[in-house]
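One letter stands for each residue in the lines below.
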Number of protein chains: 2
Amino acid sequence: MNKRSITIKDLAAELRLSITTISRALNGYSDVGEATRERVREAAKKHGYRPNRNAQRLVTQRTRNIAWVQSDNDKKFVDPHFSEVMAGVLRGARLEGYDIVLTSDTTEHQLDVYNRYVQDNSVDGFVIDLPQHDDPRINFLLETGKPFIVHSRNKRCDEYSWVDVDNPGNYRKLTQLLIANGHKNIAFVNGDARFTFAHARQKGVDQALEELGLPASTVITFNATHPMANSGFQLTQLAMQHKDITAILYSSALMAVEGQAALLPAGRVPGQNIAIATMDDMLSYLDLSPYEGVFTFVRSSLRVAGEKLVTGLIAQCENTSARTQTIVPSQFSLAVDIDPSALETL
Amino acid sequence: MNKRSITIKDLAAELRLSITTISRALNGYSDVGEATRERVREAAKKHGYRPNRNAQRLVTQRTRNIAWVQSDNDKKFVDPHFSEVMAGVLRGARLEGYDIVLTSDTTEHQLDVYNRYVQDNSVDGFVIDLPQHDDPRINFLLETGKPFIVHSRNKRCDEYSWVDVDNPGNYRKLTQLLIANGHKNIAFVNGDARFTFAHARQKGVDQALEELGLPASTVITFNATHPMANSGFQLTQLAMQHKDITAILYSSALMAVEGQAALLPAGRVPGQNIAIATMDDMLSYLDLSPYEGVFTFVRSSLRVAGEKLVTGLIAQCENTSARTQTIVPSQFSLAVDIDPSALETL
DNA sequence: TTCCTCTACTAAAACGTTTTGGTAAACTCG
DNA sequence: CGAGTTTACCAAAACGTTTTAGTAGAGGAA
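Residues numbered from 1 in each chain as written. Chains lettered and ligands numbered in written order. Predicted model: local features only at pLDDT ≥ 70, side-chain atom pairs only at ≥ 80, totals over all residues. Heavy atoms only, no water.

### Section: the sheet that holds strand β1 (residues 65-71) of chain B
To be explicit about the condition: Any two strands are treated as partners once DSSP identifies two or more bridges connecting them. Numbering of helices and strands starts at the N terminus; helices are DSSP runs of H or I of at least 4 residues and strands are runs of E of at least 2. Where helices are involved, their axes are fitted lines through C-alpha atoms of the stretch in contact, as for all axes, and angles between N-to-C directions lie from 0 to 180°. In what follows, residue pairs with any heavy atoms lying within 4.5 Å of each other are defined as contacts.
Taken in spatial order, the 12 strands make up an open sheet running β11(A)-β5(A)-β4(A)-β3(A)-β1(A)-β2(A)-β2(B)-β1(B)-β3(B)-β4(B)-β5(B)-β11(B), and their pairing is mixed. On the outer flanks of this sheet lie β11 (325-328) of chain A together with β11 (325-328) of chain B, each paired with one strand and no other. On average, each strand axis in the sheet is tilted by 25° relative to the strand beside it, whichever way the strands run. Across 3 bridges, β1(B) lies against strand β3 (residues 125-128) of chain B in parallel orientation. Across the sheet, residue W68(B) finds its bridge partner in β3(B), namely V127(B). Strands in contact with helix α12 (residues 302-318) of chain B are β1, β3, β4 (148-151), β5 (161-165) and β11 of chain B; relative to β4(B), the strand with the most contacts, it is inclined by about 160°.

If you want it as structure tokens, here you go:
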């Protein structure tokens, strides 16, 4: 039970070397003889020695910990999109030898935990997911000067590091593509408008209409209020009340798939009498193979975004002046009933 | 930027007290004058002093960190059920002043990260979710003697702490309830059989049949292989190929809801010509209000389970001999077409 | 030989706490 | 008044590392 772990002192005693030499041997310094280094390595392996993380952190002032703070009563926590980003973050962190410290705040005292972490040396930096337009977490962290990175952008985005997808561009193109294929009545099933990503997508749609000189009524938007299972179904049902709609533009493939159950009773068959287009975040939770060539996708991996978030943040932790401002690329994959030539002229 | 945080020494200097007194004042020791304690408190607040977590951890040998290790290529990560348990864990941890350290392993070297954490003093204990029948993580942690707690039970469950729901009991009762209401051909849409929870539920179903002397063919089981969006839909479609089925028993309400889209085309209406029964994990991702009185539920909150997991584990971390072996209670909520009297005789 | 350089090592300080084992002064009581 | 007790403080050690500022000795050059 709870036996004390082996320490650098134990190794030093056993090998009749100073703890300095043990430390420097294991950390790859050149002022250690090769024979000695080998002896140290072997003894360390034999005893399963690992440096005490807390002692290391105390002396180096670096924790190799990254904070992810999740709002306790926040529905977005349970959204599969969250899990996908997190999976990428975890992978990136593991490869770099970092750990993720996950906590929840209370919405009333959202900044408390950020403040605590800044003060008590628990973490080197923060990942912020799903920012809002005037996000208090971003404002706070900018003030403290602690490293952080944001998934998506808000209005202060040139002051901090971020990883994002080209939301306006993607949705502008999807909209123009649908219009070029003859669709004049489009439903746009979008996410919660409080979040920057949903706002950016709406902007892309609006821009497309403006460029083509079409009235705003060409697209009717339906906003999800919370990420909920089957919200795609419910919003699609709403959209189906507008009989003249011939295309639906979704904000997530999950919603698009859920929406299928609302299409059938309305006599709509994707690719035949209705066109479906959506962003595909490449959720591993969602099998899209049945919809290949049936839906039009613009694909970009949230998992990759997660990995880029964490590597960007780590770069900044290790070199304070490093800034990451990266657009994760997207690929189009068109439904068979969509004429691809329209895409080239965009 | 990166300005050094204020330390106990700074406070001592400012107040012309020893660091001992500062420490003991803030930690509530009785050998500090009330006036002094107040002075210390005020100065600490004024400067936003927080003890350096790593120094604390080094000297106390306790981290107030709990590890949750997630398999990297594991689909279960993206399952909304995971998020719900995690939400509970985070809440419990926050209330007790603990943080969660989240990492991923690689499936090939699953135990590496457990081993590292045991050796390098990163965490005080581990939470293990979704154990398998002969789970190597459990075997390993039992050997090391490090505190851990398991969500669900496997065959060695009297050797460790766990939190679980009465899976066999609940599914025995649901099965008997359906049979008592005249259903002789039941589909059982169950989870992945590798996991103990799915196995335990199957056992409950089997036991019900045995007790009633009914043939095993009364219930046909359909196992999910991965947690996937819409797997409830696909498995329900499969079940609908058996025309004589009059009741479906699901392993999760999410699957039950997804299955709805497969029922309609088969001419089935819940509560009229088909009975639906399921466990309800009270996912905040899922709105079940439309199915109240339509499905039969046995309800138990995964979020509560998560909270109990973390408080049980913390108790064990702080007092090595403490063991938690808790069944989270379940409540029945019957569909209107189900005769409740059958339940009382069980 | 002497001086210099290079190799291979080390003692001690530092990181910021908590805890142990005190003590000096102030009170209490017979 | 003096002995004992209580109150309110503190110096120093400890936790387990990394890093700084060395040194002793071997080898080479003149």
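### Focus: the protein's contact with DNA strand D
Stated precisely, the cut-off is as follows: Residues are counted as near a molecule or strand when any one of their heavy atoms sits within 4 Å of it. Polar contact is defined as a pair of N or O atoms within 3.5 Å, subject to the rule that within protein one atom must be able to donate a hydrogen and the other to accept it, and that residues adjacent in sequence are counted only when both atoms are side-chain atoms.
DNA strand D sits among 28 residues. The nearest are S23(A), S18(B), T20(B), T21(B) and T36(B). In DNA strand D, atoms within 4 Å of the protein come 56% from sugar and phosphate. Here I8(A) contributes a backbone N or O atom positioned 2.8 Å from a phosphate oxygen of DNA strand D. Y29(A) is positioned such that a nitrogen or oxygen atom in its side chain is 2.9 Å from a phosphate oxygen of DNA strand D.

### A short note on unusual backbone geometry
All names here are of chain B. A positive phi angle, close to 65°, is found at Q61, a residue other than glycine. Within the fold, Q61 resides in the loop between α4 (53-60) and β1. Although it is not a glycine, M282 sits at a positive phi angle of roughly 55°. Its place among the elements puts M282 in the loop between β9 (275-280) and β10 (295-299).

### Some details on the domain arrangement of chain A
Which entries qualify depends on this criterion: Bear in mind that the domain bounds are from an automatic or database domain assignment.
What the domain assignment lists for chain A is domain 1 (8-51), domain 2 (65-164 + 304-328) and domain 3 (167-301 + 331-344). Relative placement of domain 1 of chain A and domain 3 of chain A: their C-alpha centres are 60 Å apart.

### A few points about the sheet that holds strand β12 (residues 331-333) of chain A
Residues and elements named next belong to chain A. The mixed open sheet is built from 6 strands, whose spatial order is β7-β6-β8-β9-β10-β12. Since the sheet does not close on itself, it has two edges, and those belong to β7 (219-223) and β12, each with one partner. Between one strand and the next, the sheet's axes are offset by a mean angle of 15°, whatever the strand orientation. Pairing geometry for strand β10 (residues 295-299) and β12, over 3 bridges, is antiparallel. Residue pairing across strands places R299 opposite Q331, the latter belonging to β12. Against the sheet, helix α9 (residues 196-212) engages β6 (186-190), β7, β8 (247-250) and β9 (275-280), with an angle of about 160° to β6. Along the sheet face, helix α10 (residues 231-240) touches β6, β7 and β8 and points at about 150° away from the line of β7.

### Section: the pattern of salt bridges
Using the following cut-off: One side-chain nitrogen of Lys or Arg within 4 Å of one carboxyl oxygen of Asp or Glu is enough to make a salt bridge. We call a residue buried when its accessible area falls under 20% of the maximum for its residue type, exposed when it is over 50%, and partly exposed in between, using a 1.4 Å probe and counting protein chains only.
For the coordinates displayed, the defined rule picks out 40 salt bridges over all chains. The partner of D99(A) in a salt bridge is R116(B), with the nearest N and O atoms 3.2 Å apart. Of this pair, D99(A) sits in strand β2 (residues 99-105) while R116(B) sits in helix α6 (residues 110-120), which puts the two residues in different chains. As far as burial versus exposure is concerned, D99(A) and R116(B) are alike and both buried. Note that K155(B) is salt-bridged to D134(B), the shortest N-O span being 3.8 Å. Within this pair, whereas K155(B) is found in the loop between β4 and β5, its partner D134(B) is found in the loop between β3 and α7 (136-144), the two being separated by 21 residues in sequence. With relative accessibility at 48%, the residue D134(B) sits in the partly exposed group.

### A look at the packing of helix α4 (residues 53-60) of chain A against α4(B)
Heads up, the condition is: The scheme is simple: roughly parallel for angles under 35 degrees, roughly antiparallel for over 145, roughly perpendicular for 65 to 115, oblique for anything else. Note on convention: the crossing is left-handed when the near helix lies turned anticlockwise from the far helix by less than a right angle, right-handed when the turn is clockwise. Each residue is assigned to one class: nonpolar for Ala, Val, Leu, Ile, Met, Phe, Trp, Tyr, Cys and Pro, charged for Asp, Glu, Lys and Arg, and polar for all the others, Gly among them.
Axis separation between α4(A) and α4(B) bottoms out at 8 Å; the angle between their running directions is 140°. In terms of orientation, α4(A) and α4(B) fall into the oblique class. In the packing of α4(A) onto α4(B), the handedness of the crossing is left-handed. Where α4(A) abuts α4(B), its residues N54(A), A55(A), R57(A) and L58(A) lie against N54(B), A55(B), R57(B) and L58(B). For the contact of α4(A) with α4(B), the class distribution of residues is 4 nonpolar, 2 polar and 2 charged.

### As for the protein's contact with DNA strand C
Around DNA strand C, 28 residues are found, and the nearest of them are T20(A), T21(A), T36(A), I8(B) and S23(B). A breakdown of the atoms of DNA strand C within 4 Å of the protein gives sugar and phosphate a share of 55%. Between DNA strand C and S18(A), the relevant distance is 2.8 Å, taken from a phosphate oxygen to a main-chain nitrogen or oxygen of the residue. Taking T20(B), its side chain carries an N or O atom lying 3.3 Å from a base oxygen of DNA strand C. Elements represented by at least two residues in the surface near DNA strand C include exactly α2 (19-26) and α4 of chain A together with α2 (19-26) and α4 of chain B.

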